[in-house]
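# Topology and contacts: notes
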Amino acid sequence: MSSSTPHWDVIVIGGGHAGCEAAAAAARTGARTLLLTHKTETIGEMSCNPAIGGLGKGHLVREIDALDGLMGRMADAAGIQFRLLNRSKGPAVRGPRAQIDRKLYREAMQTALAAQKNLTIEAAAVEDLIVEDGVLVGVASGDGRAWPARHVVLTTGTFLNGVIHRGDERISAGRIGDAPAIGLATRLYDLKLKMGRLKTGTPARLDGSTIAWDRLEMQAGDANPEPFSFMTASVDREQVACGVTWTNAATHQIIAERLGESAVYGGKTTGRGPRYCPSIEDKVVRFADKTAHQIFLEPEGLDDDTVYPNGISTSVSEETQDLFLRTIAGLENVVVRRYGYAIEYDYVDPRELSPALEVKRLPGLYLAGQINGTTGYEEAGAQGLMAGLNAARAAKGLEPASFARDEAYIGVMIDDLVTRGVSEPYRMFTSRAEFRLLLRADNADQRLTARGMALGCVGPERAAAFTAKAIVLETARARAHELVLTPAEAERAGFHVKHDGQRRNVLQLLAYPDIGFDDLATHWPELAAWPAFAREQIEIDSGYAGYLDRQAADVAAFRRDEDLRLPADLDYTSVGGLSNEAREKLNAVRPQTLGQASRIEGVTPGALTALLAHVRRPRAA
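This write-up is about the structure you can find in this document. Everything numeric in this text was worked out from a predicted model, so none of it was measured. (Residues numbered from 1 in each chain as written. Predicted model: local features only at pLDDT ≥ 70, side-chain atom pairs only at ≥ 80, totals over all residues. Heavy atoms only, no water.)

Glancing now at the packing of aromatic side chains. Applying the stated criterion across every chain yields a total of three aromatic pairs. Look at Phe517 and Trp530: their rings are 5.9 Å apart centre to centre, the planes differ by 55°, and that puts the pair in the tilted class. Of this pair, Phe517 sits in helix H15 (residues 517-523) while Trp530 sits in the loop between H15 and helix H16 (532-562); the two residues are 13 residues apart in sequence, bridging distant segments of the chain. Taken as a pair, Phe517 and Trp530 share a single burial class, namely buried. Positioned above the aromatic ring of Tyr426 is the side chain of Arg432, whose terminal nitrogen or guanidinium carbon lies 4.1 Å from the ring centre. Across the ring face of Phe533, the terminal group of Lys469 is positioned such that the distance to the ring centre comes to 5.3 Å. (Phe/Tyr/Trp six-rings, centres within 6.5 Å; stacked < 30°, edge-to-face > 60°. Helix = DSSP H or I, 4+ residues; strand = E, 2+ residues; numbered from the N terminus. Buried < 20%, exposed > 50% of the residue type's maximum accessible area, 1.4 Å probe, protein only. Lys NZ or Arg CZ within 6 Å of the ring centre and 35° of its normal.)

As structure tokens, this is what we get:
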């Protein structure tokens with residue numbers, strides 16, 4: 001590299017969801033950041049389904065937003081149908097989701113990145129890392145250009161040795177129409193990283209004008225759309241409806257007769273696909289007793305009549321796709337604009353990473369997104385934000401940032417990845433979080449924004465808005481405790497409570513199923529003036545009060561183990577009482593705390609006792 005070449009604090013490779021969040025986070029933190037991607041016009045591209053959020057995933061989007069990330073605001077800017085999933089259930093498991101206009105999202109993301117201070121964007125196909133004497137010093141493209149940096153974030157998605165499968169077709173590609181990253185995959189193998197192959201798929205894209213919409217059930221969005229971002233006051237855009245249809249026995253028969261065309265069932269791929277998002281071939285085989293599978297026909301844009309048929313990803317031939325699609329109600333005359341396919345790609349075992357998402361064997365190199373064995377835009381974006389933030393902090397000589405399992409779904413996901421690894425593409429669910437009553441989508445800003453401000457990744461506009469909101473919430477919570485009624489006063493006000501002599505405050509009164517917030521506001525008119533977010537938080541605080549107290553005790557027990565740090569240079573061969581299996585797994589992961597050690601598969605309670613005794617034993621002088 002020429003001495004005149006600008007030196008970057010952080011270089012991000014890849015312009016997908018992980019790369020966009022990584023580049024923005026590093027730049028927000030003050031690092032001089034360069035984003036390198038194959039094509040600048042595809043930055044922010046939604047390669048698969050045109051949707052953001054969902055159960056577990058929506059929590060991640062809110063957390064990204066709370067740390068001043070981009071995804072929530074971009075989804076609000078491009079959303080064309082908003083729904084709060086699990087609305088009838090408790091707040092802990094509700095998941096915001098939105099159908100997205102692909103073009104609007106891509107344009108919004110590109111505009112946001114172009115306006116980001118400290119960020120430069122260039123088009124380049126990076127093919128190698130520059131490593132000198134075991135030290136990362138930059139990256140190089142296939143055409144001979146080089147960029148110096150000691151901190152690099154790789155967000156290659158499905159591009160590492162990517163191969164598309166469709167019937168008998170094999171196409172070397174990172175996604176349809178884009179070349180794969182071969183050189184980078186070779187470099188990672190040369191680092192002796194443990195790697196593997198995974199698979200994902202996508203359905204055909206349909207011409208919406210050839211669908212018989214009048215024959216389908218239609219699913220509308222929420223009457224009052226709930227934004228993703230805490231910075232979005234309201235969503236005023238036109239909302240669209242999705243169509244709902246089903247496969248049938250004829251559909252399944254065609255697929256079953258032609259299973260040999262499938263990438264998996266034809267033995268053409270070794271990569272494992274996402275269990276929770278199976279292809280239509282998987283559904284026909286694994287759920288042979290089911291006579292129908294639901295399909296959501298999702299519009300891809302307000303001025304684009306392309307439709308995404310969610311629920312029938314496939315890798316059979318084009319001919320077979322035409323045949324089975326036309327057996328489905330409403331699709332009898334459908335025209336396919338782009339056929340579905342499966343894509344197989346390399347990933348790095350995430351146990352090769354520290355909790356900062358830094359490669360242990362090559363400090364300064366960070367990985368985020370599908371390269372770590374995950375699936376989904378939201379999982380990628382959350383990792384990207386943390387990798388970019390930590391790369392920027394390392395460039396400044398600061399300690400890495402991380403969130404524990406009781407602080408954020410981001411913390412749950414990263415701990416799962418770096419501690420347990422993956423055997424299939426990892427997807428976030430609320431069930432993965434032990435402390436999900438605390439980790440709700442509605443309180444992501446209360447949990448994380450102050451932390452983000454301290455870490456330097458939250459800008460002044462959000463910091464000011466959060467501070468103002470926090471003051472309102474603090475005042476509301478104080479008043480909710482101060483406003484009380486005796487049983488006799490409650491009775492006179494029309495509230496039926498137990499006559500036990502106890503004075504009850506707003507939170508305690510709201511716990512009664514027949515007493516609502518509006519009822520209390522008739523007695524205390526000042527409550528009616530509270531903003532909607534304050535009212536919502538008080539109602540949630542009331543509903544979860546007893547449960548949160550019990551969960552706080554669980555968190556305290558969790559913290560005792562998490563606070564016991566293990567020496568970074570701990571020699572596990574010197575720990576007595578460990579089986580060879582436990583030694584091997586502990587040495588592979590090198591957990592930072594006793595709590596992390598306890599979550600490694602194969603590490604028994606006996607092994608933890610031996611480890612604890614060894615750590616607490618006085619060291620020889």
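Past the structure itself, the notes keep going.
With twelve residues, helix H19 (residues 605-616) should reach 16 Å at 1.5 Å per residue; the first-to-last C-alpha distance of 16 Å fits that figure. Within H19, the full set of buried residues consists of Ala607, Leu608, Ala610, Leu611 and His614. In a view along the axis of H19, the buried residues occupy a sector of 160°, so they form one face of it. Structural note: H19 exposes Pro605, Thr609 and Arg616 on the side pointing more than 90 degrees away from its buried face. Where H19 is buried, its residues contact helix H17 (580-589) and helix H18 (594-598). (Expected span 1.5 Å × (residues − 1). Arc of directions from axis to C-beta. Contact = heavy atoms within 4.5 Å.)

This part is about the pairing of strand E17 (residues 294-301). Extensive coverage of E17 is indicated by the burial of six of its eight residues. Where E17 meets strand E18 (residues 304-310), five bridges bridge the pair, whose relative direction is antiparallel. Residue Glu298 lies in a different strand from E18, and its bridge partner there is Tyr308. The turn joining E17 and E18, which pair antiparallel and follow one another in sequence, is formed by two residues. (Pairing = 2+ DSSP bridges.)

This part covers the packing of helix H2 (residues 57-66) against helix H11 (residues 444-455). Between H2 and H11, the least distance of the axes is 8 Å, while the angle of their chain directions is 35°. For the crossing formed where H2 meets H11, the hand is right-handed. When H2 is examined against H11, the residues Arg62, Glu63 and Ala66 are found in contact with a partner set consisting of Ala444, Asp445, Arg447, Leu448 and Thr449. Looking at the contact of H2 with H11, its residues break down into three nonpolar, one polar and four charged. (Axes fitted to C-alpha atoms, helices over the stretch in contact; angles between N-to-C directions. Left-handed = near helix turned anticlockwise from the far one by under 90°. Nonpolar A, V, L, I, M, F, W, Y, C, P; charged D, E, K, R; others polar.)

Further remarks concern the nonpolar core. Ranked by size, the top nonpolar core spans 102 residues in total, and within it Ile11, Ile52, Leu188 and Leu365 carry the most contacts. Here Leu365 is in contact with Leu129, Leu136, Val152, Leu154, Leu188, Leu191, Leu357, Glu358 and Val359, once residues within four sequence places are set aside. (Core = buried A, V, L, I, M, F, W, Y, C linked by side-chain atoms within 4.5 Å.)

On to the packing of helix H6 (residues 249-257) against helix H8 (residues 318-325). Running from N to C, H6 and H8 point in directions that differ by 165°, and their axes come no closer than 9 Å. On the basis of their axis angle, the class for H6 and H8 is roughly antiparallel. Like other packed secondary-structure pairs, H6 and H8 cross with a definite hand, here right-handed. Note on element contacts: H8 touches H6 through Thr320, Leu323 and Phe324, opposite Thr251, Ile254 and Ile255. (Parallel < 35°, antiparallel > 145°, perpendicular 65-115°, else oblique.)

A word on a nonpolar patch on the surface. Together, Val264, Tyr265 and Val285 make up a nonpolar patch on the protein surface, roughly 200 Å² of accessible area in all. Checked against the element boundaries, Val264 lands in the loop between H6 and helix H7 (280-286). (Patch = residues over 30% accessible without salt bridge, like charges linked within 9 Å, V, L, I, M, F, W, Y side chains within 5 Å. Areas by Shrake-Rupley, 256 points an atom, 1.4 Å probe, with all protein chains shown as cover. Salt bridge = Lys/Arg side-chain N within 4 Å of Asp/Glu carboxyl O.)

All right, on to the sheet that holds strand E5 (residues 95-100) then. Pairing within the open sheet is antiparallel, and its three strands lie in the order E3-E5-E4. One side of each edge strand has no neighbouring strand; the edge strands of this open sheet are strand E3 (51-53) and strand E4 (79-85). With direction set aside, neighbouring strand axes in the sheet form an average angle of 20°. Pairing of E3 with E5, which is carried by three bridges, proceeds in the antiparallel orientation. Looking at E5, one finds that Gly53 is bridged to Arg97. Strand contacts of helix H3 (residues 71-78): E3, E4 and E5, with the helix running at about 120° to E4, the strand carrying the most contacts.

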